[in-house]
Amino acid sequence: MSNTPDHILTQKITEGNKTAFDHLFFKYYKPLYRFAFNFCHSPIIAQESVQNTFIKIWKNNKALKNCDNIGKLLFTYTRNEIIDEIRKNNTRKKYEMNVIQEYDSEHKSINQEKVKAIIESAIEQLPDQAQKIFRMAKKEGLTVNEIADYLSISPKTVENQIIIAYKKLRKYLEPFKNQLIYLGD
Amino acid sequence: MRRKNNISKKIPNHPQDLNIDKILGNHHLDYDSIDFEKKEADILQAYQMINKQINKSRNLFYYLKNIIKHTNLTNILKPLYTIVVTAVIILTTIKLLDTAKEPEYSIISVDAGEKITVHVNSYISIWLNSNSTVKIPREISRRAPFYLKGEAFIKITESKKKKEYSIISGGMEFRTSSAEFHINSENQENELVAHISEGKVNCVIPFATKSQELTIFEGEKINFIEKAGFLAKDNIHTYNYMAWKTGILQFTNQPLSEVMDILSNYYDIPFTIKNDSLKGKHFTATFNNPTIDEVLNKIMANYNCNITGNGNKLIIN
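The structure presented is a predicted model; accordingly, all values stated were derived computationally and were not measured. (Residues numbered from 1 in each chain as written. Chains lettered and ligands numbered in written order. Predicted model: local features only at pLDDT ≥ 70, side-chain atom pairs only at ≥ 80, totals over all residues. Heavy atoms only, no water.)

**Digging into the overall build of chain B**
So, step 1. When its secondary structure is counted, chain B shows 8 helices and 18 strands.
So, step 2. Looking at chain B residue by residue over its 317 residues, the buried ones come to 36%.
So, step 3. Across chain B, every contact between residues at least 6 apart in sequence was considered, and the portion connecting residues at least 24 apart equals 44%.
So, step 4. When the accessible surface of chain B is summed, it comes to about 19,900 Å², and 52% of that surface belongs to carbon and sulfur atoms. (Helix = DSSP H or I, 4+ residues; strand = E, 2+ residues; numbered from the N terminus. Buried < 20%, exposed > 50% of the residue type's maximum accessible area, 1.4 Å probe, protein only. Contact = heavy atoms within 4.5 Å. Areas by Shrake-Rupley, 256 points an atom, 1.4 Å probe, with all protein chains shown as cover.)

**Topic: the sheet that holds strand 15 (residues 271-273) of chain B**
Pairing between sheet strands relies on hydrogen bonds along the backbone, with the strands arranged either parallel or antiparallel.
All names here are of chain B.
So, step 1. The strand order across the open sheet built from 3 strands is 15-18-17, with neighbouring strands paired in mixed fashion. Every other strand in the sheet has two partners, leaving strand 15 and strand 17 (307-309) as the edge strands with one partner each. Within the sheet, the average angular offset between the axes of one strand and its neighbour, ignoring direction, is 15 degrees.
So, step 2. As defined by bridge partners, strand 15 adjoins strand 18 (residues 314-316) across 3 bridges and the pair is classed as parallel. Residue pairing across strands places Phe271 opposite Leu314, the latter belonging to strand 18.
So, step 3. Contacts between helix 6 (residues 256-267) and the sheet are confined to strand 15 and strand 18, with strand 15 contributing the most and set at about 170 degrees to the helix. (Pairing = 2+ DSSP bridges. Axes fitted to C-alpha atoms, helices over the stretch in contact; angles between N-to-C directions.)

**Remarks on helix 7 (residues 128-138) of chain A**
So, step 1. All of the buried residues along helix 7 of chain A are Ala130, Gln131, Ile133, Phe134, Met136 and Ala137 of chain A.
So, step 2. Each element contacted by the buried residues of helix 7 of chain A is listed here: helix 6 (110-124), helix 8 (144-151) and helix 9 (155-173) of chain A together with helix 2 (20-26) of chain B.

**What about a nonpolar patch on the surface?**
So, step 1. Together, Ile76, Leu77, Leu80, Val84 and Val88 of chain B make up an exposed nonpolar region whose accessible area comes to about 430 Å².
So, step 2. Looking at where Leu80 of chain B falls in the secondary structure, it is placed in helix 4 (residues 73-100). (Patch = residues over 30% accessible without salt bridge, like charges linked within 9 Å, V, L, I, M, F, W, Y side chains within 5 Å. Salt bridge = Lys/Arg side-chain N within 4 Å of Asp/Glu carboxyl O.)

**A short note on the confidence of the model for chain A**
So, step 1. Taken over all residues, the pLDDT of chain A has a mean of 82, while the share at 70 or more is 86%.
So, step 2. Contacts from residues 101-107 of chain A, a stretch scored under 50 in pLDDT, to residues over four places away or in other chains number 6 contacts. (pLDDT = per-residue confidence, 0-100.)

**Section: the side chain of Asn38 of chain A**
Residues and elements named next belong to chain A.
So, step 1. Mapped onto the elements, Asn38 comes out in helix 2 (residues 18-40).
So, step 2. When its relative accessible area of 14% is taken as the criterion, Asn38 is described as buried.
So, step 3. Each residue touching Asn38, except ones within four places of it in the same chain, is listed here: Glu113, Lys116 and Glu120.

**Quick notes on the packing of aromatic side chains**
So, step 1. Applying the stated rule across the entire model yields 21 aromatic pairs over all chains.
So, step 2. Note on Phe25 of chain A and Phe26 of chain A: the rings are 5.3 Å apart at their centroids and 85 degrees apart in plane angle, and the pair reads as edge-to-face.
So, step 3. In this structure Phe26 of chain A comes out as partly exposed when scored by relative accessible area, which is 37%.
So, step 4. Seen in terms of ring centroids, Phe25 of chain A and Tyr29 of chain A are 5.1 Å apart; in terms of plane orientation they differ by 45 degrees. Their pairing is tilted. Highlighted residues: Phe25 of chain A and Tyr29 of chain A, both in helix 2, separated by 4 residues, approximately one helical turn. Each member of the pair, Phe25 of chain A as well as Tyr29 of chain A, carries the same accessibility label: buried.
So, step 5. Taken together, the aromatic side chains of Phe21, Phe25, Phe26, Tyr29, Tyr33, Phe37, Phe54 and Trp58 of chain A together with Tyr47 of chain B make up a single cluster linked through ring pairs.
So, step 6. For the cation-ring pair, Lys27 of chain A lies above Phe176 of chain A, with the distance from its terminal atom to the ring centre recorded as 5.7 Å.
So, step 7. The lysine or arginine in question, Lys135 of chain B, covers the ring of Tyr105 of chain B, its NZ or CZ lying 5.0 Å from the ring centre. (Phe/Tyr/Trp six-rings, centres within 6.5 Å; stacked < 30°, edge-to-face > 60°. Lys NZ or Arg CZ within 6 Å of the ring centre and 35° of its normal.)

**Concerning the nonpolar core**
So, step 1. Residues Tyr29, Phe54, Ile119, Ile123 and Leu173 of chain A together with Ile20 of chain B are the most contacted members of the largest nonpolar core, which totals 58 residues.
So, step 2. Top element by residues in this core is helix 2 of chain A. It accounts for 13 residues.
So, step 3. Looking at which domains feed residues into this core, each of domain 1 (6-85) and domain 2 (107-183) of chain A gives three or more.
So, step 4. Contacts of Ile20 of chain B, omitting those with residues within four sequence positions, involve Ile119, Ile123, Phe134, Tyr166, Leu169 and Leu173 of chain A together with Tyr31 of chain B.
So, step 5. Grouped together as the second largest cluster of nonpolar side chains are 29 residues, Ile126, Ile136, Ala152 and Val201 of chain B included. (Core = buried A, V, L, I, M, F, W, Y, C linked by side-chain atoms within 4.5 Å. Domains from an automatic or database assignment.)

**Quick notes on the interface of chain B and chain A**
So, step 1. If you look at the interface, chain B gives 42 residues, while chain A gives 45 residues.
So, step 2. Summed over both partners, the interface of chain B with chain A comes to about 4,600 Å²; 67% of that surface belongs to carbon and sulfur atoms.
So, step 3. Counting the surface chain B buries against chain A, the share from its top three residues, Leu18, His27 and Phe36 of chain B, is 16%.
So, step 4. With its nearest N and O atoms 3.4 Å apart, the salt bridge here joins Asp21 of chain B to Lys138 of chain A.
So, step 5. At the boundary of chain B with chain A, the tally comes to 13 residue pairs in polar contact (both at pLDDT 80 or more).
So, step 6. Mapped onto the side of chain B that touches chain A, the elements with two or more residues apiece are helix 1 (2-10), helix 2 and helix 3 (43-70) of chain B.
So, step 7. Considering each element in turn, the side of chain B that touches chain A owes the most residues, 12 residues, to helix 3 of chain B. (Buried area = accessible area lost by both parts, 1.4 Å probe. Polar contact = N/O pair within 3.5 Å; in protein donor to acceptor, adjacent residues only side chain to side chain.)

**Considerations on the packing of helix 7 of chain A against helix 8 of chain A**
Residue and element names in this part refer to chain A.
So, step 1. It is the contact of helix 7 with helix 8, at a shortest axis distance of 10 Å, that shows an interaxial angle of 135 degrees. The orientation of helix 7 with respect to helix 8, classified from their angle, is oblique. As helix 7 packs across helix 8, the resulting crossing turns out to be right-handed. Listed contacts from helix 8 to Lys132, Ile133, Met136 and Ala137 of helix 7 are Ile147, Tyr150 and Leu151.
So, step 2. Taken together, the residues of the contact of helix 7 with helix 8 break down into 6 nonpolar, no polar and 1 charged. (Parallel < 35°, antiparallel > 145°, perpendicular 65-115°, else oblique. Left-handed = near helix turned anticlockwise from the far one by under 90°. Nonpolar A, V, L, I, M, F, W, Y, C, P; charged D, E, K, R; others polar.)

This is how it looks when you write it as structure tokens:
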């Protein structure tokens, strides 16, 4: 069931299937947490808002009947939960402004944030060595030889590790392809 | 089936599209914006928490939900609703009618120069002086007070039920269950005067914030001017206020002008004092049921003055 498409999970959740809900939870928890954390930079608020999102989904499972993209719904709910959660917390009032302003000024769509969170949570799952090399190659812009020198390993190993990273990432991203394919909306 | 078709149509079937570089490019993201740091998310703890929450809400929530689902509430609620609404309407109309229903009154007015005694029931008697009016409720209760305008002596003997009566006069309410007292609401100074000869009377002061009551006892009097907000309690010094009822006129060292005021009130004849020196003179005397001539003769003898009448007025020289 781990690779069950979202729409089938959605349908089962609508019927009150708790196992389907659990699958949805384990599939989306990490990207959602990541997404939430990127917004509020607070582990507590992130955790709480994601939890509330899932509880909301389960309680209103009948309302999912006409939902054809539960992933999008989850991310939207989470974002709203974060804003609610921050508003509730008066001591973080100042922070709330930052979140909203940042969101507005950069015109980062919820879609972009969603993709970013999914990718980040996928990278998180890479084996340490592969993750390290992938970061050096991509984020720090080092060449294969530079990385090999720096880590005292052969360039071939570096190349292999990068290929492994790509393969694994593709595998990790596969279940989220619905969310990742740019549909122009 | 339809949904599946829809989705497969939406997604282009190129596995290369899941290439991370392409995804980033498609969404106008780059590796700079990607955070490679691990964020420790305790997924198992979160899972347990959620299950706890779901079960908690499930127990209560589903229980209630099921009850609501399996009982047809509209069948119960509709008649209940109508009953409640009609009851509220009926009660409010009753209440409105009740408050709108003014107690009925008998009105007794006394003309100038006359006096009347009214025995309302075996407990209440009212002696009315001239130019006075009393409104007596047909059904006597505390909510239906007596209204008095002018001067009266009221005697209330205690009934077995210790029923309390209420008399409103000159802007003040008097409450008592047993007392003998005199009220004059329209004397020359626009002042309300009440004298208590027996028992005690509670006065409800209208300008006090809460319903404050002032108790006046036997031998005390109260002066009250509503417009000025003036209130004074004192002991009774003379009993002339009762003269119109008892016929006893008593003057103890009173200025002649005051004496003449009382006399003109008593006999209902106006007067003028022309001799200024007489105004300062004081007068002491007691009369029992006197005629006007008796009193005037006494005054004339005392001060060696001349009192003449011109038909409707007394002139003192």
